[in-house]
Amino acid sequence: MYILDMKHLEEGDVFLTSERSFTSKGVRGVTFSGFSHAILYVGHGSYIHSDSKGVHSANIQRLLFDKPSRVKVLRPKNPNTANNASLYARSQIGKEYSVKEAIRTKVGTKRKKENKQFCSRLVAEAFAYAGETIVNNPSYCSPSDINKSSFFEEVFGVVRKATEAEIDFANSPNPLQKQAEITNSILSEARRITTSNIQTMEELTWYVISNPECADSIVEVFEKSGYLTMWQYEMAQNPWRYDSKLFLELPMPSEEKLNLANFEAESAKKQFGLYEYNYQAYTELGKNAPSSFIGMNLELYENLMHQMAARLKAAEYVKKNA
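The structure contained in this document is the topic of the report that follows.

Comments concerning the overall build of the protein chain
- Helix and strand counts for the protein chain come out as 13 helices and 9 strands.
- Relative to the globule expectation of 20 Å for 322 residues, the C-alpha radius of gyration of the protein chain, 20 Å, shows essentially globular dimensions.
- Here the protein chain, with 322 residues, has 47% of them falling under the buried criterion.
- Intrachain contacts of the protein chain at a sequence separation of at least 6 include 68% that bridge at least 24 residues.
- Surface accessibility of the protein chain: about 16,700 Å² in total, with carbon and sulfur atoms responsible for 51%.

Describing the packing of helix H2 (residues 82-91) against helix H4 (residues 119-129)
- Contact pair H2 / H4: the axes reach a minimum separation of 7 Å and the direction vectors enclose 125 degrees. Viewed along their axes, H2 and H4 adopt a mutual orientation that is oblique. Helix-helix and strand crossings are classified by hand; for H2 and H4 the assignment is right-handed. Along its contact with H2, which presents Asn84, Ala85, Tyr88 and Ala89, the element H4 presents Leu122, Glu125, Ala126, Phe127 and Tyr129.

Observations concerning the sheet that holds strand E4 (residues 46-51)
- The 6 strands lie next to each other as E5-E4-E3-E2-E7-E8, forming an open sheet whose pairing is antiparallel. A strand with exactly one partner marks an edge of an open sheet, and here the two such strands are strand E5 (54-59) and strand E8 (152-155). Taking each pair of neighbouring strands and ignoring which way they run, the sheet shows an average axis angle of 30 degrees.
- Two elements, strand E7 (residues 71-76) and E8, share 4 bridges in a ladder whose sense is antiparallel. Residue pairing in the sheet places leucine 74 in a bridge with glutamate 154 of E8.

Focus on the nonpolar core
- By size, the foremost hydrophobic cluster in this structure holds 31 residues, and its most contacted members are Ile186, Leu204, Ile218, Phe222, Tyr227 and Phe293.
- Among the secondary structure elements, those contributing two or more residues to this core are helix H7 (175-194), helix H8 (201-210), helix H9 (215-225), helix H10 (230-237), helix H12 (254-288) and helix H13 (292-321).
- Per-element tally for this core: the top contributor is H13, with 8 residues.
- What leucine 204 contacts, discounting residues up to four positions off in sequence, is Ile186, Ala190, Ile198, Ile218 and Phe222.
- Among the nonpolar cores identified, the runner-up in size contains 25 residues, and Ile48, Leu74, Val123 and Val135 belong to it.

With respect to the sheet that holds strand E1 (residues 2-4)
- If you walk across this open sheet you meet the 3 strands as E6-E1-E9, and the pairing is antiparallel. Strands at the two margins of the open sheet, each flanked by one partner only, are strand E6 (64-65) and strand E9 (159-161).

Points about the packing of H9 against H13
- At a minimum axis separation of 8 Å, H9 and H13 run at an interaxial angle of 35 degrees. Contacts between H9 and H13 involve Ala215, Asp216, Ile218, Val219 and Phe222 on the former and, on the latter, Ser292, Phe293 and Met296.
- Taken together, the residues that form the contact of H9 with H13 break down as 6 nonpolar, 1 polar and 1 charged.

Rules used throughout
Residues numbered from 1 in each chain as written. Predicted model: local features only at pLDDT ≥ 70, side-chain atom pairs only at ≥ 80, totals over all residues. Heavy atoms only, no water. Helix = DSSP H or I, 4+ residues; strand = E, 2+ residues; numbered from the N terminus. Rg over C-alpha atoms; globule rule 2.2 N^0.38 Å. Buried < 20%, exposed > 50% of the residue type's maximum accessible area, 1.4 Å probe, protein only. Contact = heavy atoms within 4.5 Å. Areas by Shrake-Rupley, 256 points an atom, 1.4 Å probe, with all protein chains shown as cover. Axes fitted to C-alpha atoms, helices over the stretch in contact; angles between N-to-C directions. Parallel < 35°, antiparallel > 145°, perpendicular 65-115°, else oblique. Left-handed = near helix turned anticlockwise from the far one by under 90°. Pairing = 2+ DSSP bridges. Core = buried A, V, L, I, M, F, W, Y, C linked by side-chain atoms within 4.5 Å. Nonpolar A, V, L, I, M, F, W, Y, C, P; charged D, E, K, R; others polar.

Structure (structure tokens):
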């Protein structure tokens, strides 16, 4: 099995992939391409894509290939687009996948665009949001169109053989999969309660702001889902991330531990920044439209900021003492 080497990746990289599946072969056949799926790398080991389960994030360490030719890495020639492209992709998390919309890329686009996603649309619209038109029609494009785009250049030397430990990790229980399932269940229940086509958490927030009478019902959906305590599960699964002593005692060579500490510190800083931004956004919203929903989100992001502060503290300690 093969894996992408994280140390050679940069935020904004696009992965074009293929599989042995019938669906993958069909997409490749229709588009005359060697690739059937497009993925956006958002940095620090995470990528966002749209598959049959909708738009969700995943860990690069769980992405395995049976041969190197199953993946191609493209890098934007303008690196300044990466951050905004990532922000857009994150805003799409939870949005449903549409086979019908993907098919319309080839059969025609006369009907009104649906508020759903598919893989290549997600990538192309992310860069369009960042100010770059990478294909003729970002809303209806294929992995083949992205592959031909002059906006990117191919990155070589990124794929390597996976170790047995990496293969074991890739196949181990995946908490991000549970997170995606919970997010999808919340949005599905929100659509049922509101009878509105709510596709993302951002859309749900604006709906509740405009319809405060439903705030308590939506809060109850969140509380029952387990969404509000997922951060506690992560801390229980990986306690070393948040405890300086446990981190320092990890059984690995000092150089490897120092590299891990640097990665953890940078990742924690970035996550803290995202959580702080969301906290401030809900604070501003709460000034004009206070509700149980706003209060729930403020408490959640405050907890997440505390979590990232602990993660950063542990990593910085190891950087000084490894």
